[in-house]
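Report on the structure
Next come the chains, spelled out residue by residue.
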Amino acid sequence: NFAFAPAALMVKVGTTVTWTNQDSDAHTVTSQNGTGPLSSAALNTGQTYSYTFTKPGTYAYLCTIHPFMTATVTVTQ
């Protein structure tokens, strides 16, 4: 439904997060302002993208196709 769920996620360093597109339209997982490590290709329905977080911090991201879709991953020690 054109939204990341959950919109805010908290994980520990070393955690691999996997995004799965469950919409009928393509979406990306891309760090906001180009200042982060998240950079997926366009994911079609059922496709996934994974990233392992190795440093603490808050990682804001969006879908570049639908920029109103935003979310964050907060990584803690």
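Above this note sits the structure.
Presented here is an overview of the structure given in this document. All residue numbers refer to positions counted from 1 along the written sequence of the respective chain. Reporting in this predicted model follows two pLDDT cut-offs: at least 70 for local features of residues, and 80 or more for side-chain atom pairs to be given and counted; totals over whole chains, interfaces and linings ignore these cut-offs and use all residues. Computation of side-chain values: all heavy atoms of the structure, hydrogens and water removed.

1. Side note on the sheet that holds strand β6 (residues 70–76)
The pairing criterion for strands is at least two bridges between them, as found by DSSP. Only runs of H or I of at least four residues qualify as helices and only runs of E of at least two qualify as strands under DSSP, and these elements are numbered from the N terminus. Taken in spatial order, the four strands of this open sheet run β1-β6-β5-β3, and their pairing is mixed. The sheet terminates laterally at β1 (8–12) and β3 (30–31), the two strands that pair on one side only. Across six bridges, the pairing between strand β5 (residues 57–62) and β6 is antiparallel. Residue pairing in the sheet places Ala60 in a bridge with Thr72 of β6.

2. Remarks on the pairing of β6
Here β6 shows one buried face, formed by Ala71, Val73 and Val75, and one open face, formed by Thr70, Thr72, Thr74 and Thr76. Sheet topology note: the β1/β6 ladder contains five bridges and is parallel. Bridged to Ala8 within β6 is Thr72. Only protein chains enter the area calculation, which uses a 1.4 Å probe; residues under 20% of their type maximum are buried, those over 50% are exposed, and those in between are partly exposed.

3. What about the nonpolar core?
Nonpolar cores were defined as sets of buried Ala, Val, Leu, Ile, Met, Phe, Trp, Tyr and Cys residues, with membership established by side-chain atoms within 4.5 Å. Membership of the largest hydrophobic core comes to 16 residues, with the highest contact counts inside it found for Phe4, Trp19, Val29, Leu38, Phe53, Tyr61 and Val73. Put simply, the parts of the chain that give this core at least two residues each are β2 (16–20), β5 and β6. Top element by residues in this core is β6. It accounts for three residues. Leave out the neighbours within four places in its chain, and Phe53 touches Val13, Gly14, Thr15, Val17, Trp19, Leu38, Tyr59, Val73 and Val75. In what follows, a contact means two residues having at least one pair of non-hydrogen atoms within 4.5 Å.

4. What to know about the packing of aromatic side chains
Any two of the Phe, Tyr and Trp rings considered here, Trp counted by its six-membered ring, make a pair once their centres fall within 6.5 Å; the pair's planes then place it as stacked at under 30 degrees, edge-to-face at over 60, or tilted in between. Here the structure, examined in full by the defined rule, presents six aromatic pairs. Seen from their ring centres, Phe4 and Tyr61 are 4.8 Å apart, and the 70 degrees between their planes marks the pair as edge-to-face. In this pair, Phe4 is assigned in the segment before β1 and Tyr61 in strand β5, connecting sequence segments 57 residues apart. Given a relative accessible area of 13%, Phe4 falls into the buried group. We classify Tyr61 as buried; its relative accessible area is 2%. An angle of 80 degrees between the planes, with centres 4.9 Å apart, marks the rings of Tyr51 and Phe53 as edge-to-face.

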